[in-house]
Amino acid sequence: SDDASSTLDILLLPFRDPQFFLSTLPSDLPLSSICLPGTHESLALYGWPISTCQSASSSVLHQLKEGIRFLDVRLSIKGKGTDSRLLAYHGITDQRIPFDQVLEQCFDFLRGHGGETLIMSIKQENNVEGFKEMVMEKYVHPTQDFWFLSPRVPTLGECRGKIVLLSRFGRGDEQPGGIHPPIWPNSSKEIFSYKLPSGQTVETQDWYDISSLSNLDSKQELIERLLVSSGSDPEILSLNFCSASSFPLALPPFAAKGFLTGGPKCLSKRGINSRLFDVICDRLRRIPTSNFLMCVFLLDYFEEPEASKDLVSLMIEANFGI
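Residues numbered from 1 in each chain as written. Predicted model: local features only at pLDDT ≥ 70, side-chain atom pairs only at ≥ 80, totals over all residues. Heavy atoms only, no water.

An unreviewed UniProt entry lists the chain under the name PLC-like phosphodiesterase, with Violaceomyces palustris given as the organism.

The following block contains the structure:
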């Protein structure tokens, strides 16, 4: 810049293996006090551009090795009777992987990374009856050694080597297992919260129906509002959905990654990921502690665009200070 008063800040981060970052944190930390990278619609690799939320190479195992510690799993019951099983779907789009294969990738990772953990949100995509019973009886209970199913937010030490269940299924007044949201308003522009039986609080931001990319500024403001509301409180589990999907003017790839036209700047648009990259960099630069990003970030296309490919690394580093 020609402005002599302008400054350039350089943020230097140490190398930290994303496969093992939780293993080096104290076991007495509650999960609500940790900055956790996550993915929204973690299995949505097919159906571009309407149904895809992750790149085609983002297998579950790849995500976990790259530091993702929250998986958002959407499933539908297919088949009847003893032949019925759970398959990954995004709406009506088949994501070509059965739930048992998803779990096996998670179990394989945890077998080799016993100091790690992950939260898995499970939600039903179709309205076939018996979903809760199938999830718990056919998939979870037979592998219960890999699950943390108490209806509370655990410490890291309590859930190392396990999957913490977030059950987005069953009635609001039930406790099917794990952290169970009694409410989940659809695409609310307000942050919503609820108490767990343990007395712990969960706060969530999940406004996704932004209508058009012109509303990305408002989406960014809401993401930052949750950081102010609960990102500094180690007692609140903060779930920040950094995703947007509105047909036809705000499809997931463009909301996450933005787009460049090669023409006038006004015809280009920065996506959520690059915006969030700048937000976190700025906070790491100004406040060299980890007490402002105690939050789970759920991302679409978590490694893209190229300019924000280190977004997950920034989130990981927020747990260690700089």
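A. Layout of the pattern of salt bridges. All told, the structure shown has 18 salt bridges when counted by the stated rule. One salt bridge in this structure joins glutamate 41 and arginine 74, with 3.5 Å as the shortest N-O distance. Of this pair, glutamate 41 sits in the loop between β1 (36-39) and α1 (60-65) while arginine 74 sits in strand β2 (residues 70-78); the two residues are 33 residues apart in sequence, bridging distant segments of the chain. The two residues glutamate 41 and arginine 74 agree in class, both being buried. A salt bridge links aspartate 173 to arginine 171, with the nearest nitrogen and oxygen atoms 3.0 Å apart. Classification of aspartate 173 by relative accessible area gives exposed; the value is 63%. What you see here is one network of salt bridges that share partners, running through Lys132, Glu133, Arg171, Asp173 and Glu174. (Salt bridge = Lys/Arg side-chain N within 4 Å of Asp/Glu carboxyl O. Helix = DSSP H or I, 4+ residues; strand = E, 2+ residues; numbered from the N terminus. Buried < 20%, exposed > 50% of the residue type's maximum accessible area, 1.4 Å probe, protein only.)

B. Representation of helix α7 (residues 272-286). When the terminal C-alpha atoms of α7 are compared, their 21 Å separation across 15 residues agrees well with the 21 Å that a helix rising 1.5 Å per residue should span. Within α7, eleven of the 15 residues are buried, leaving the element largely enclosed by the surrounding structure. Among the residues of α7, those classed as buried are Ile272, Asn273, Ser274, Arg275, Leu276, Phe277, Val279, Ile280, Cys281, Arg283 and Leu284. (Expected span 1.5 Å × (residues − 1).)

C. Seen up close, the nonpolar core. Core analysis: the largest hydrophobic core is formed by 88 residues, its most contacted members being Phe99, Met120, Ile122, Trp147 and Phe297. Beyond its immediate stretch of four places on either side in the chain, methionine 120 contacts Leu71, Val73, Phe99, Val102, Leu103, Cys106, Trp147, Ile163, Val164, Leu165 and Leu166. (Core = buried A, V, L, I, M, F, W, Y, C linked by side-chain atoms within 4.5 Å. Contact = heavy atoms within 4.5 Å.)

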